[in-house]
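Tertiary structure, described
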Amino acid sequence: MRFLKYFLLNLLLLLALNLHSQLKSPDEFLSHKIGDEFTPHYMLVDYMHHVADNSANVIIKEYGKTNQKRPLLNLIVSDQKNIDNIDKIRLNNLFRAGLPDGQSFPEFDDITIVWLSFSVHGNEPSGSESSMPVLFELANKKNPNVSSWLKNTVVIIDPSINPDGYSRYTHWQRNVAEKEANSDPDDREHSEPWPGGRVNHYLFDLNRDWAWQTQIESQQRVKVYNQWLPQVHVDFHEMMHNDPYYFAPAAAPYHDYITKWQGEFQHLIGRNHAKYFDKEGWLYFTREVFDLFYPSYGDTYPIFNGAIGMTHEQGGHSRAGRAIEMENSEILTLKDRVAHHYTTALSAIETSSNNATKLIEEFKLFFKKPSLGKYKSYLIKGDNSYKIKDLADLLDKQSIKYIWTKDGASGNAYDYQKGEQGEYKIQKGDLLIPVNQPKSTLVQVLFDPETVLEDSLTYDITAWALPFAYGLQAFASTNVISAEPMTSVERGLTEESAPYYAIIIHWNSINSAKVVAQLHKKGVKMRLSSIPFEIESKKFSRNSIIITKADNRNIKDSLLQIAKECGVDEMNMMLVNTGFSDAGADLGSDKMGLITKPNVLLLSGEKTSSNSFGQVWHYFEQVIDYPLTIIDADRISSVKLEKYNVLIIPEGRLGLNENELKKIVDWTRGGGKLISIGYANQNFTGKEGFALKEFATDDEKNEAKKEQELMELSDRFHAYEGAARRGIVNNVPGSIFEVKMDITHPLAYGIDGKYFSLKTNGLSYRPLIGAFNVGVIPENGRTIGFTGSAIKKKLMGSVSFAAQNMGRGSVVYLIDNPLFRGFWKEGQLLFSNAVFLVN
């Protein structure tokens, strides 16, 4: 018996040694050495599996796939005891945060969690390249310091947050690279083509999408992130190749709700990084450029979820290639960039391990602390079932608690629409979000109607309150609002056998556009009411979609079933048994005009903004599921425009020549609809046939010119120092502007008289002559967030959205981009109006 035990013990030891001996470094496993060339994503994935297969203390999990079906991976690394109890550690951590999915395992209460995210921007590849040596160092057990760290630390590695973008960049690099790395900045490997690898399949910046989760990668990643909630999150990036390395502490402004400890740890980790960089003589900087304000970054979203989040930026980016000469005549290599990220990754783990007790203590306090802001409850009115459901879906993704209310009490609170105190009445179907909950900080960050900016020299948008983004009436209360929860009720659709003359759909949310898009695909003919009307004592607004059996004779017997398949239900439709109106127009009136089925052409390519193009592309394919044709903008002169009736031009500078411009004008006059977004409108400003002019009168033009001259005269006496800060008077980083809408025009259908626009450009046009000024910023209108004083003065009174009749066609001028980053739901409705409703 003793011999058998001895034999088995030695056998297990032999197997363990054999298993470990099979573990290879990246240089041993790959077909190249790290830094000599770029590693394709499939090789990166293969190496991650290799390490997991040959390391007992490493777990690999595929948490999802990209649009292009590449795997999204997490590697979990720790001491063997921790790995054997990994789910208990995870559940105990959620218990620390007070989340309902948590479960107490006090024996693991000394374990901290560090999450390392690499290359959210695919053309910042040194992150993903460095993930391989970092993982190897954690797994090979030869470094006693690492082994010590892993006793009280679980490390989660996401080696490539953006595989599609990373693959776009690395495949291009491998295609154009010469045999030897060429450090000449003029070489082609330093000039990445459009659209670049920074963005994902739909050309979205995933580092701006953590909170909004519009993209499939973000949705899957954040779901897993919220199942762990690490104490430390490090996001690995690159910037321009001449820049030294950047690490924490971050620059101002910090958001008001960032705790003292979250700021202090930034300094702790920065000093530890500096120790290693000083030893090697590597350049670095801190506390500049990269702030902690906008809530949807890879550093701030973790911060508002209890972590210490931080960005690490290595000089390099897409332009650096495998090697590039810098302005100081030194050569920056890919190996250098990998070494720097490798060093800060291990330093971050070391600092976290050495401060684990404090990290865990402060993490617990974060989720137990009283609310930092003045508001205690947010009441979202349920007047629009689909808009509020969309919001609830986002809250579910964030693990934010809320209740659906029954009819309840009245009170006074801050009215988002009015911008002042107002009276509310709790009604059935309202959404009540208490601040007193584990996700308290995130709730306040996302819902506070005003943001407090300590420094206006900021890096990104400065306003984002969700009730404005979703077009919902809401109230923020400084008192705790109590209400009785309602049990949700499923709604069905009237049976096909019920008699009816017409189906009338309420056009009041992006869901309406989804339904209409599917009905078009099924060949259903629809009408749009241009005036309010009443039938059978039922009142309908001017933006009603009407489906009659008379217009759809071939499918009239299955019309209701088709409508159901397309998303029509009792929340967004009504049946009527007659076309005879009690008030307004009959259903056969010319006030109920047929809706033209859009046949959409979208321009893309180097002359367009990749982000703006991607937002439109994503809207059609993923938001409303409607077909479109995409061509390079350079082909506009050769394509047969008459095949299409909608032409969409995303932001960009097309540089249209005279013949191309005439072709677009002739097509529009013949019945086409041109939709121009943001800076694309400059292609048509002041051009013959277009109403778009910066000034409506010579007096307006002369007055603006005079003000500009006075400003330039004043600037003569400013010191050189502070020029960047003075320049922000003309800066629009992203703020919310109140826009007054003409609700009688189809471009404003489904939107109340006020639209809160997320303005991200300084384009200013006085109300147009010869066009419908559908959305205008009032001279005394509200603004939320930071806008430079000089540009703000220009923008007040300017037009945000306009429509012009041109022959038998029309032009829609979207001066503000309603699809910006894909999270402004009310903007998606406005864009849908432009696509489907404007003639």
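Note that residues are indexed from 1 along each chain, following the sequence as it is written. Restriction of local features to residues with pLDDT of at least 70 applies here, the model being predicted, together with a cutoff of 80 or more for giving and counting side-chain atom pairs; totals for whole chains, interfaces and linings are based on all residues. Each side-chain value is derived from all of the structure's non-hydrogen atoms; neither hydrogens nor water enter the calculation.

**Considering the overall build of the protein chain**
- A run of H or I in DSSP counts as a helix once it spans at least four residues, and a run of E counts as a strand once it spans at least two, with each numbered from the N terminus. In terms of helices and strands, the protein chain carries 24 helices and 35 strands.
- The C-alpha radius of gyration of the protein chain comes to 29 Å, within 12% of the 28 Å expected for a compact globule of 839 residues.
- For the protein chain, the spread of C-alpha atoms along the principal axes amounts to about 95 × 65 × 55 Å.
- Exposed residues in this analysis have more than 50% of their type's maximum accessible area, buried residues have under 20%, and partly exposed residues fall in between, with area computed by a 1.4 Å probe over protein chains only. Within the span of the protein chain, comprising 839 residues, buried residues form 58% of the whole. Each radius of gyration is computed over the set of C-alpha atoms, and the globule rule expresses the reference value as 2.2 Å times the number of residues to the power 0.38.

**Some remarks on helix α12 (residues 334-354)**
- Helix span is expected to be 1.5 Å times the residue number reduced by one. Spanning 21 residues, α12 covers 30 Å between terminal C-alpha atoms, matching the ideal 30 Å at 1.5 Å per step.
- For α12, a buried count of 16 out of 21 residues is recorded, marking the element as mostly surrounded by other parts of the structure.

**Here we look at the nonpolar core**
- Formed by 149 residues in total, the largest nonpolar core has its most connected members in Phe447, Ile503, Phe620, Ile624, Ile648 and Phe831.
- Element by element, the count of residues in this core is highest for helix α24 (residues 825-837), at seven residues.
- Contact between two residues is taken to exist if any of their heavy atoms lie within 4.5 Å; hydrogens are not considered. In contact with Ile624, other than residues within four places in its own chain, are Ile510, Ala513, Lys514, Ala517, Gln518, Tyr619 and Phe836.
- By size, the runner-up hydrophobic cluster in this structure holds 52 residues, among which are Leu30, Ile34, Met132 and Leu138. Among the buried residues, those of types Ala, Val, Leu, Ile, Met, Phe, Trp, Tyr and Cys that are joined through side-chain atoms within 4.5 Å form a nonpolar core.

**Quick look at the sheet that holds strand β24 (residues 573-576)**
- The pairing criterion is simple: DSSP has to find at least two bridges between the two strands. One open sheet accounts for five strands, arranged β24-β19-β23-β20-β25; its pairing is antiparallel. Lying at the two open borders of the sheet, with one neighbouring strand each, are β24 and β25 (592-594). The mean inter-strand angle of the sheet, taken between neighbouring strand axes irrespective of direction, is 30 degrees.
- Examined bridge by bridge, strand β20 (residues 527-529) and β25 share three bridges and lie antiparallel to one another. Bridge pairing in β25 places Arg527 opposite Leu594. To define axes, lines are fitted to C-alpha atoms, for helices over the stretch in contact only, and angles between the resulting N-to-C directions are given on a 0 to 180 degree scale.

**Quick look at the packing of helix α10 (residues 260-280) against α12**
- Where α10 contacts α12, the axes come no closer than 9 Å and their chain directions differ by 130 degrees. Comparing the axis directions of α10 and α12 gives the class oblique. Both α10 and α12 take part in a crossing whose hand is right-handed. Together, Phe265, Leu268, Ile269, Asn272, His273, Lys275, Tyr276 and Phe277 of α10 and His340, Thr343, Thr344, Ser347, Ala348, Glu350, Thr351 and Ser352 of α12 make up the contact between the two elements.
- For this classification, the nonpolar set comprises Ala, Val, Leu, Ile, Met, Phe, Trp, Tyr, Cys and Pro, the charged set comprises Asp, Glu, Lys and Arg, and every other residue, Gly included, is treated as polar. A class-by-class count of the residues in the contact of α10 with α12 yields six nonpolar, eight polar and two charged. For classification, angles of less than 35 degrees are called roughly parallel, those exceeding 145 degrees roughly antiparallel, those between 65 and 115 degrees roughly perpendicular, and all remaining angles oblique. Crossing handedness is read from the near helix: turned anticlockwise from the far helix by less than a right angle, it gives a left-handed crossing, and turned clockwise, a right-handed one.

**What to know about helix α13 (residues 356-368)**
- For α13, built from 13 residues, the straight-helix expectation of 18 Å at 1.5 Å per residue is met to within 8% by its first-to-last C-alpha distance of 19 Å.
- Of the positions making up α13, those classed as buried are Ala356, Leu359, Ile360, Glu362, Phe363, Phe366 and Phe367.

**Let's talk about the sheet that holds strand β16 (residues 420-425)**
- Here we have six strands laid out as an open sheet, ordered β14-β17-β13-β18-β15-β16, and antiparallel in their pairing. The two strands at the open ends of the sheet, each matched to only one other strand, are β14 (403-404) and β16.
- Two elements, strand β13 (residues 377-380) and strand β18 (residues 474-477), share four bridges in a ladder whose sense is antiparallel. When the bridges of β18 are listed, Ile380 appears paired with Ala474.
- Together, β13, β14 and β17 (431-434) form the strand contacts of helix α14 (residues 385-397), whose direction differs from that of β17 by roughly 30 degrees.
- In the packing of helix α15 (residues 440-447) onto the sheet, contacts are made with β13 and β17, and the angle to β13 comes to roughly 50 degrees.

**Comments concerning the confidence of the model for the protein chain**
- Confidence in the prediction for the protein chain averages 93 pLDDT; 96% of positions are at 70 or higher.
- The predictor rates its confidence in each residue with pLDDT, a number between 0 and 100. Note that residues 489-497 has pLDDT below 50 and, in this model, 17 contacts with residues that lie over four places away or in other chains.

**Side note on the pattern of salt bridges**
- The rule for a salt bridge is simple: a side-chain nitrogen of Lys or Arg has to be within 4 Å of a carboxyl oxygen of Asp or Glu. Within this structure, the stated rule accounts for 32 salt bridges.
- Across the pair Asp460 and Arg821 runs a salt bridge, and its minimum N-O distance is 2.8 Å. Within this pair, whereas Asp460 is found in the loop between α15 and α16 (466-469), its partner Arg821 is found in the loop between β35 (809-814) and α24, the two being separated by 361 residues in sequence.
- Since its relative accessible area comes to 5%, Asp460 is described here as buried.
- One connected set of salt bridges, linked through shared partners, spans Glu124, Arg198, Asp205, Arg208, Asp460 and Arg821.

**Structural notes on the environment of Ile630**
- Inspection of the secondary structure puts Ile630 in strand β27 (residues 629-632).
- Ile630 sits in the partly exposed class, given a relative accessible area of 32%.
- Each C-alpha atom, one on Ile630 and one on Ala474, is 39 Å from the other, the two residues being 156 residues apart in sequence.
- When sequence neighbours within four positions are dropped, the list of residues in contact with Ile630 reads Leu602, Ser604, Phe613 and Trp617.

**Some words on the packing of α10 against α13**
- One way to put it is that α10 packs onto α13 with a least axis distance of 10 Å and a crossing angle of 155 degrees. Regarding the angle of α10 to α13, the classification is roughly antiparallel. Relative to α13, the crossing made by α10 is left-handed. Each of Trp261, Gln262 and Phe265 in α10 lies in contact with α13, whose residues at this interface are Lys358, Leu359, Glu362 and Phe366.
- Looking at side-chain class alone, the contact of α10 with α13 contains four nonpolar, one polar and two charged residues.

**Remarks on unusual backbone geometry**
- Here the residue pair Trp194 and Pro195 is connected by a cis peptide bond, since its omega of 0 degrees sits within 30 degrees of zero.
- Residue Ala252 is joined to Pro253 through a cis peptide bond whose omega torsion reads 5 degrees.
- Here the phi dihedral of Gln213 falls at roughly 55 degrees; this positive angle occurs in a residue that is not glycine.
- The topology assignment puts Gln213 in the loop between α8 (163-176) and α9 (216-228).
- Exposure remark for Gln213: the relative accessible area of 2% places this residue in the buried category.
- A positive phi angle, near 70 degrees, is found at Val289, a position not held by glycine.
- Of note, Val289 is situated in the loop between β8 (284-285) and β9 (291-292).

**So, the packing of aromatic side chains**
- In this analysis, rings of Phe, Tyr and Trp, with Trp reduced to its six-membered ring, are considered paired at centre separations within 6.5 Å, and the interplanar angle assigns stacked below 30 degrees, edge-to-face beyond 60, and tilted for intermediate values. Applying the stated criterion to the full structure yields 43 aromatic pairs.
- Ring geometry for Tyr246 against Phe290: centres 4.7 Å apart, planes inclined by 50 degrees, an arrangement best described as tilted. Linking Tyr246 in strand β6 (residues 245-246) with Phe290 in the loop between β8 and β9, this pair joins segments that are 44 residues apart in sequence.
- Of the residues examined, Tyr246 reaches a relative accessible area of 1% and is grouped as buried.
- Here Tyr294 and Trp464 contribute two aromatic rings whose centre-to-centre distance is 6.2 Å and whose plane-to-plane angle is 80 degrees, an arrangement assigned as edge-to-face. Separated by 170 residues along the polypeptide, Tyr294 in the loop between β9 and α11 (300-303) and Trp464 in the loop between α15 and α16 bring together distant segments of the chain.
- Look at Trp464 and you get buried, because its relative accessible area is 1%.
- Through a chain of ring-to-ring contacts, the aromatic side chains of Trp212, Phe293, Tyr294, Tyr297, Trp464, Phe823 and Trp824 assemble into a single cluster.
- When the ring centre of Trp210 is taken as origin, the NZ or CZ atom of Arg221, which lies over that ring, is 4.5 Å away.
- A ring is considered to have a charge above it if a Lys NZ or an Arg CZ atom is located within 6 Å of its centre and within 35 degrees of its normal. Taking NZ or CZ as reference, Lys549 lies 4.2 Å from the ring centre of Tyr500, over its face.

**Examining the environment of Ala803**
- Assignment of secondary structure puts Ala803 in strand β34 (residues 799-806).
- Separated by 483 residues in the primary sequence, Ala803 and Ala320 place their C-alpha atoms 45 Å from one another.
- With sequence-adjacent residues up to four places away left out, Ala803 is seen in contact with His745, Ala771, Phe772, Val774, Val811 and Val812.

**A few points about the side chain of Gln314**
- Turning to its location among the elements, Gln314 is positioned in strand β10 (residues 308-316).
- Not counting the four nearest positions on each side in its chain, Gln314 is found in contact with Ser126, His237, Glu238, Met239, Tyr245, Leu332, Arg337, His340 and His341.

**Points about the pairing of strand β26 (residues 600-604)**
- By the criterion of burial, β26 is predominantly enclosed, with five of the five residues buried.
- The alternating pattern of β26 places Val600, Leu602 and Ser604 and Leu601 and Leu603 on opposite faces, both of which are buried.
- Of the strand pairs in this sheet, β26 and strand β28 (residues 646-649) are connected by three bridges, and their pairing is parallel. By the bridge assignment for β28, Val600 is matched with Val646.
- Examined bridge by bridge, β26 and β27 share four bridges and lie parallel to one another. Note on β27: the bridge partner recorded for Ser604 is Asp632.
- What joins β26 to β27 is helix α19 (residues 610-623), and the crossover it makes is right-handed. When the strands point away from the viewer and the connection leading from the first strand across the helix to the second strand turns clockwise, the crossover is called right-handed.

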